Amino acid sequence: MAKREKKNMDEMTFMDHLEVLRWILVRCTVGVLIGATVVFFVSDFIFDHIVFAPLNANFFTYTYFCELAHDWNLSDICITADDFNFIIQNTEMEGQVNILVWMCVAGGFILAFPYILWEIWRFISPALYEKERKGALTFIFISSILFFLGVLFGYYLIIPMSVNFVATFKVSAVVQNQFNIDSYMGMVKTSLIASGLFFELPIIIYFLAKLGLVTASFLRKYRRWAIVGVLVVAAIVTPPDVVSQVIVSIPMLLIYEASIWIAAIVGNKKTKAELAAENQAKVNE
């Protein structure tokens, strides 16, 4: 960032920007590797008590759903030990080594995400107004909270629902479920990181609205398609019952509605600023 601090944004060439971006990627990679190292030293605990916890019928989500089923007479959403009649197996010689490495990398990315956000902020901040630059800590804090909420959403809802669905789905009683460790870990990593990034949607919409690329009316226009998309995702990752689909869909729809609200606020501020600029121009004339 030394070059960036010495040069004004208007004076920087395309190659200067690439050089800045390259060093940002290098520092982000180092941050992920440091996080991965931390994860490595506690990998036994993470595998036994976090990664493989959703494979246990006593997992929090399953017990909560059973209590909910008891209170509301919804037996379909109660998940018991009989539903976990499968095994997780490794079929490759280096399989468990690869799983450890990629689990550490994924965990390192999750831990380093606030730092990655800080690097992204440093890259885009010169293009913002001085007042907006002062909101760095707020941006990093809110974005990090949203990301970690998304990770928790994926861990406590998406993963358990997915495990329950694939564990109980059978085309025939002749076929026995024996899942490969690669398949399970791929589902875990994808669910956690994808959910975390999806919860960043309000932040992404904020910047797109600031740039004039997205408006609240545009998001409202395609709200129906967004609802359909959310319901399709919920139907894929949940058992075939309405309650489970609603539980998964509501947070995702709230995120989308929050994005519309943010785009509307940004749009109103831009309109007021443009009107103020026009009035000032008329006064100057």
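Residues numbered from 1 in each chain as written. Predicted model: local features only at pLDDT ≥ 70, side-chain atom pairs only at ≥ 80, totals over all residues. Heavy atoms only, no water.

J.: Sorry, what's going on with the overall build of the protein chain here?
T.: A count of helical and extended segments in the protein chain gives twelve helices and two strands. Counting from the amino terminus, helix and strand elements in the protein chain follow one another as α-α-α-α-β-α-α-α-β-α-α-α-α-α. Pairs at least 24 apart in sequence give 78% of the contacts found in the protein chain among residues at least 6 apart. A total accessible area of about 17400 Å² is found for the protein chain, and carbon and sulfur atoms account for 67% of it. (Helix = DSSP H or I, 4+ residues; strand = E, 2+ residues; numbered from the N terminus. Contact = heavy atoms within 4.5 Å. Areas by Shrake-Rupley, 256 points an atom, 1.4 Å probe, with all protein chains shown as cover.)

J.: Even after reading the chapter, I still don't get helix α8 (residues 181–198), so can you show me in this structure?
T.: Owing to its 3.6 residues per turn, the α-helix aligns residues three or four sequence positions apart on the same side. In a regular helix each residue adds 1.5 Å, so 18 residues correspond to 26 Å; α8 covers 25 Å between its end C-alpha atoms and thus fits that length. Every buried residue belonging to α8 is among I181, Y184, M185, V188, S191, L192, S195 and G196, and all of these are buried. Viewed end-on, α8 has its buried residues packed into an arc of 130°, placing them on one side of the element. The outward face of α8, more than 90 degrees from its buried face, is lined by the exposed residues S183 and T190. Contacts made by the buried residues of α8 are with α3 (43–51), β1 (87–89), α5 (95–124), α7 (136–168) and β2 (178–180). (Expected span 1.5 Å × (residues − 1). Buried < 20%, exposed > 50% of the residue type's maximum accessible area, 1.4 Å probe, protein only. Arc of directions from axis to C-beta.)

J.: Explain the packing of α5 against α8 here, please?
T.: Two packed helices can be described by the angle between their axes and the distance between those axes. Remark: α5 packs on α8, axes separated minimally by 11 Å, with the N-to-C direction vectors making an angle of 10°. Viewed along their axes, α5 and α8 adopt a mutual orientation that is roughly parallel. The segment α5 lies against α8, with G95, I99, W102, M103, A106, F109, I110 and F113 engaging I181, D182, M185, K189, L192, I193 and L197. For the contact of α5 with α8, the residue count by class is twelve nonpolar, one polar and two charged. (Axes fitted to C-alpha atoms, helices over the stretch in contact; angles between N-to-C directions. Parallel < 35°, antiparallel > 145°, perpendicular 65-115°, else oblique. Nonpolar A, V, L, I, M, F, W, Y, C, P; charged D, E, K, R; others polar.)

J.: How do you make sense of the packing of aromatic side chains when you look at a structure like this?
T.: For any pair of aromatic rings, the description consists of the separation of the ring centres together with the inter-plane angle of the planes. Per the counting criterion, the structure on display carries 21 aromatic pairs. The interplanar angle of 55° and the centroid separation of 5.1 Å between the aromatic rings of F86 and F179 together place this pair among those described as tilted. With F86 in the loop between α4 (60–72) and β1 and F179 in strand β2, this residue pair connects regions lying 93 residues apart in the sequence. A residue is classified by how much of its surface remains accessible, and F179, at 22% relative accessible area, is partly exposed. The rings of F59, F60, Y62, Y64, Y155 and Y156 are connected pair by pair, giving a single aromatic cluster. (Phe/Tyr/Trp six-rings, centres within 6.5 Å; stacked < 30°, edge-to-face > 60°.)

J.: Explain the side chain of E200 here, please?
T.: Summarising the element assignment, E200 is placed in the loop between α8 and α9 (201–210). Of the side chains with opposite charge, K210 comes closest to the buried, unpaired E200, at an N-O distance of 17 Å. Ignoring sequence-local partners within four residues, the contact set of E200 consists of F113, L117, S143, L146 and F147. (Lys, Arg positive; Asp, Glu negative; His and termini not counted. Salt bridge = Lys/Arg side-chain N within 4 Å of Asp/Glu carboxyl O.)

J.: What's the story with the layout of surface pockets in this structure? I'm lost.
T.: A probe matching the size of a water molecule, rolled over the atoms, marks out where space remains unfilled. Considering only enclosed or pocket space, the second largest pocket measures out at about 530 Å³ in volume. Surrounding the second largest pocket, 21 residues form its lining, I46, I50, I110, V151 and L192 being those nearest its centre. When contributions to the lining of the second largest pocket are tallied by element, the ones reaching two or more residues are α2 (14–41), α3, α5, α7 and α8. Looking at the lining of the second largest pocket residue by residue, the classes come out as 19 nonpolar, one polar and one charged. (1 Å grid on protein atoms, 1.4 Å probe; cavity = no way out; pocket = protein on both sides within 12 Å on 5 of 7 lines; lining within 4 Å. Points joined across faces, edges and corners; volume = space filled by probe spheres on them.)

J.: Would you explain the confidence of the model for the protein chain in this entry?
T.: The predicted coordinates should not be examined in detail at positions where pLDDT is low. Of all residues in the protein chain, 81% have pLDDT values of 70 or greater, and the mean over the chain is 82. Ranking the elements of the protein chain by mean pLDDT puts helix α1 (residues 2–6) last with 41 and α3 first with 93. Below a pLDDT of 50 lies the segment residues 1–7, which in the model reaches 15 contacts outside its immediate sequence neighbourhood of four places, other chains included. (pLDDT = per-residue confidence, 0-100.)

J.: What's the story with the environment of F141 in this structure? I'm lost.
T.: Checked against the element boundaries, F141 lands in helix α7. A sequence separation of 23 residues divides F141 from W118, and the C-alpha atoms of the two residues are 9.8 Å apart.

J.: Is there a simple way to think about a nonpolar patch on the surface in this case?
T.: Where nonpolar side chains cluster on the molecular surface, the patch consists of F60, Y64, F141, I142, I145, L149, L152 and Y156 and spans about 780 Å² of accessible area. For the nonpolar patch, the secondary-structure elements that each account for two or more residues are α4 and α7. Looking at the nonpolar patch, the element that brings in the most residues is α7, giving six residues. Checked against the element boundaries, Y64 lands in helix α4. (Patch = residues over 30% accessible without salt bridge, like charges linked within 9 Å, V, L, I, M, F, W, Y side chains within 5 Å.)

J.: I'm lost on the environment of I205 in this one. Help?
T.: Mapping I205 onto the fold places it in helix α9. Residue I205 is classed as buried on the basis of its relative accessible area, which comes to 5%. It is 8.1 Å that separates the C-alpha atoms of I205 and I260, two residues lying 55 residues apart in sequence. Apart from the residues lying within four places of it in its own chain, the contact partners of I205 are V214, L219, S259 and A263.

J.: How should the pattern of salt bridges be read in this particular structure?
T.: Pairing between side chains becomes possible if they bear opposite charge and their charged atoms approach one another. Evaluated as defined, the whole model comprises four salt bridges. Residue E19 is joined to R22 by a salt bridge in which the shortest nitrogen-to-oxygen separation is 3.0 Å. Remark: R22 and E19 occur in helix α2; sequence separation between them is three residues, near one turn of the helix. Residue classification places E19 among the partly exposed residues on the basis of a relative accessible area of 25%. Residue R22 is classed as partly exposed on the basis of its relative accessible area of 41%. With a closest N to O distance of 3.9 Å, R122 and E119 form a salt bridge.

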